[in-house]
Every structure is written in structure tokens, then in C-alpha cells.
Amino acid sequence: MNPYVFIVGCPRSGTTLLRRIVDAHPQIAITAETHWITKVLDGDDAVDPERPVGPELPTRLAGDKRFARMDVDHAALERLFARPEPVSYAEFVSTVFDLYGRAQGKALVGDKVPGYVRDIAILHDLFPYARFVHLIRDGRDVCSSALNWERRRPSFAKYSTWEEDRVSTLALWWERRVRAGRAAGPPLGPELYRELRYEALVADPENACRELCEFLGVPY
């Protein structure tokens, strides 16, 4: 069932590289960051995952550039909501991923959103079968990369310590995300959660990918 796997980790840890590697597998397609899966669960008009969703949801999501980028078959979504049975939010997301995979010619579909490292518990509740690959990179290298990350600079500047000590601020930013993943992931068990070190991936990609394929249950 889809979503099949979530690739998560602190930003600047190499998740885009890992997404491209996994997406190259003939059986798995990885979307280029949804974000909307958990975003619609917050706010005044939040979707309640415990209640059925209606046909207004895809219309609402149509304005989200990341949802639009998936280019799913909207006629198929209309057929989903045309049936008499209620549609849960998890089923809606699963259908979207199925349609994305169909367009890519692949049965298994995953997602790569670094920030979902803080939402593992939420995603597990929605998709108890989904696997998580937590990519961890040396915090010093993450810091070095993030210091030059112009697009994220405004969000870093919101931290009160940013101007006083940027390195320590980024160190805590990295640690918070790694700890979040390591707190929520291991309780899922080794069948659903796997940590992968970025350094191991780039030093010995063949061995790292063999182990990753074993975890994902697909041939290398």
C-alpha cells in the first residue's frame, strides 16, 4: 500500500540525493516533497483524520503548488468520491500516491520531505504500514551547508540567538530534528524504521543501497 516509504531527516542532510537514488529503482517512485499531507491537518480549517473527507479536499489542494506538481488524474479522484462509501483522509492520500505511481509506471510510491522527521508518529498513525528511512549527516557538515542556505535564511533569523551565535543555533536546530526522528522511529520496529548515515551512503553507495533495498523489500 502507498505511501510505501518516507525519506526524512534534517534538511541539508542529503535527502535529495537519496530521493534520486531510490526514485531510480524500477519499482519505486519518490515524489518531490509533498508537505501538504501534514499541513492540511493544522489550522482553523484543518482536516480531521478521524472523519471522512469530501470532494472539496482536492479542490482545496489544487492551489498547493506541490500537490499540483504531482499531476494526478483528477477524474480518478472524482470517481473516488462518487462512490457511496465514505473516504478517509488516509485513503485519499493513498489514492493520490497510487495515481502518481501509475503515471510513473511504478507500483510503489514514497515521499521525500525532510521536515516529516518531526511527524513520524502522525504519519505512522495515518499509514501504519509505511516505512521510514531517516538519513543522518554529521551535524558539522549540515551546519556548514545551512550557513550558506540563502532561501532558508529568513526562517533562521527568527531564532533569537541567530545574530549572536549562528553556529550554535544551527547545531541545536540539527540536534532537535535528529532527536525527533530517533525518538519516534525506533518504537516502530526494524521492519518500518531504518537509519542511514549520509557518510556511509557516499563512501560505499553499493553496500548502502543493497542494505536499503533489503529494508524496502525490493531487489538490488
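About the thresholds
Residue numbering note: each chain is counted from 1, following its sequence as written. Whole-chain, interface and lining totals are the exception, using all residues; otherwise, since this is a predicted model, local features are given only for residues with pLDDT of at least 70 and side-chain atom pairs are given and counted only at 80 or more. Computation of side-chain values: all heavy atoms of the structure, hydrogens and water removed. In DSSP terms, a helix is any run of H or I states spanning at least four residues, a strand is any run of E spanning at least two, and both are numbered starting from the N terminus. In this description the radius of gyration comes from C-alpha coordinates, and the expected globular size is given by 2.2 Å times residues to the power 0.38. Exposure classes here rest on a 1.4 Å probe applied to the protein chains alone. A residue is buried below 20% of its type maximum, exposed above 50%, and partly exposed in between. The contact definition used throughout considers only heavy atoms, calling two residues in contact when any of these lie within 4.5 Å. Note that accessible areas follow from Shrake-Rupley with a 1.4 Å probe, and for residues the cover is restricted to the protein chains shown. Within this scheme the basic residues Lys and Arg register as positive and the acidic residues Asp and Glu register as negative, but His and the chain ends are omitted. Charge positions are represented by NZ for Lys, CZ for Arg, CG for Asp and CD for Glu. What makes a nonpolar core is a set of buried Ala, Val, Leu, Ile, Met, Phe, Trp, Tyr and Cys residues whose side-chain atoms join them at distances within 4.5 Å. Classification of ring pairs uses Phe, Tyr and Trp, with its six-membered ring standing for Trp, and accepts pairs whose centres are within 6.5 Å; under 30 degrees between planes counts as stacked, over 60 as edge-to-face, and the remaining range as tilted. A ring is scored as having a charge over it whenever the NZ atom of a lysine or the CZ atom of an arginine sits within 6 Å of its centre and within 35 degrees of its normal. Under this definition, polar contacts are N or O atom pairs within 3.5 Å; protein pairs additionally need one hydrogen-donor-capable and one acceptor-capable atom, and for neighbouring residues in sequence, both atoms have to be side-chain atoms. When DSSP finds two or more bridges between two strands, those strands count as paired. Fitted lines through C-alpha atoms serve as axes, helices being fitted only where they are in contact, and the angles separating the N-to-C directions of these axes extend from 0 to 180 degrees.

Undergrad: Sorry, what's going on with the overall build of the chain here?
TA: The helix and strand inventory of the chain stands at twelve helices and five strands. What you see for the chain is a C-alpha radius of gyration of 18 Å, in line with the 17 Å of a compact globule of 220 residues. Counting only C-alpha atoms and orienting by the principal axes, one finds that the chain spans roughly 55 × 45 × 30 Å. Out of the 220 residues belonging to the chain, those deemed buried represent 48%. Within the chain, contacts between residues at least 6 apart in sequence are counted, and of these 75% link residues at least 24 apart. Surface summary for the chain: the accessible area is close to 11,500 Å², and the carbon and sulfur share equals 50%. Separation between the mean location of the 30 positive side-chain charges and that of the 32 negative ones in the chain comes to 4 Å.

Undergrad: Even after reading the chapter, I still don't get the nonpolar core, so can you show me in this structure?
TA: One recurring pattern in soluble globular proteins is that nonpolar side chains are buried together. Counting residues in each nonpolar core, the largest one holds 40 residues, and the members touching the most others are F6, W36, I37, Y89, F92 and F127. Elements supplying a minimum of two residues to this core: strand 1 (5–8), helix 2 (36–39), helix 3 (56–61), helix 5 (74–82), helix 6 (89–104) and helix 7 (120–126). The greatest single-element share of this core, amounting to eight residues, is contributed by helix 6. Discounting chain neighbours no more than four positions away, the residues touching Y89 are W36, I37, V40, L41, V47, P49, V53, L57 and L126. One finds V5, L212, F215 and V218 within the second-largest nonpolar core, a separate group that totals 20 residues.

Undergrad: I keep staring at the packing of aromatic side chains and nothing clicks. Help me out?
TA: In this description, an aromatic ring pair is defined by two values, namely the gap between the centres and the angle between the planes. Taken as a whole and assessed by the stated rule, the structure comprises eleven aromatic pairs. With a centroid separation of 5.2 Å and 80° between ring planes, the pair formed by W36 and F67 is classed as edge-to-face. Note that W36 is positioned in helix 2 and F67 in helix 4 (residues 65–69), a separation of 31 residues in sequence. Across the pair, exposure class does not vary: W36 and F67 are buried alike. One aromatic cluster is present, built from ring pairs that chain together F6, Y116, F127, Y129 and F132. Over the ring of W149 we find R12; its NZ or CZ atom is 4.5 Å from the centre of that ring.

Undergrad: Looking at this structure, how should I read the side chain of S94?
TA: Looking at the secondary structure, you find S94 in helix 6. You can call S94 buried: its relative accessible area is 9%. Polar side-chain contacts of S94 include one of 2.7 Å to the backbone oxygen of N2. When sequence neighbours within four positions are dropped, the list of residues in contact with S94 reads N2, P3 and Y129.

Undergrad: Even after reading the chapter, I still don't get the sheet that holds strand 4 (residues 131–136), so can you show me in this structure?
TA: Hydrogen bonding along the main chain pairs the strands of a sheet, whether they run parallel or antiparallel. Overall, parallel pairing links the five strands, which are arranged 2-3-1-4-5 in an open sheet. One side of each edge strand has no neighbouring strand; the edge strands of this open sheet are strand 2 (28–31) and strand 5 (193–197). Direction aside, neighbouring strands of the sheet carry axes that sit 20° apart on average. Inspection of the sheet shows strand 2 paired to strand 3 (residues 108–112) by four bridges, in the parallel sense. Bridge assignment links T31 to a residue of strand 3, and that residue is D111. On top of the sheet, helix 10 (residues 166–184) reaches strand 4 and strand 5; it is set at about 150° to strand 4, its chief contact.

That is the geometry; function is a separate question.
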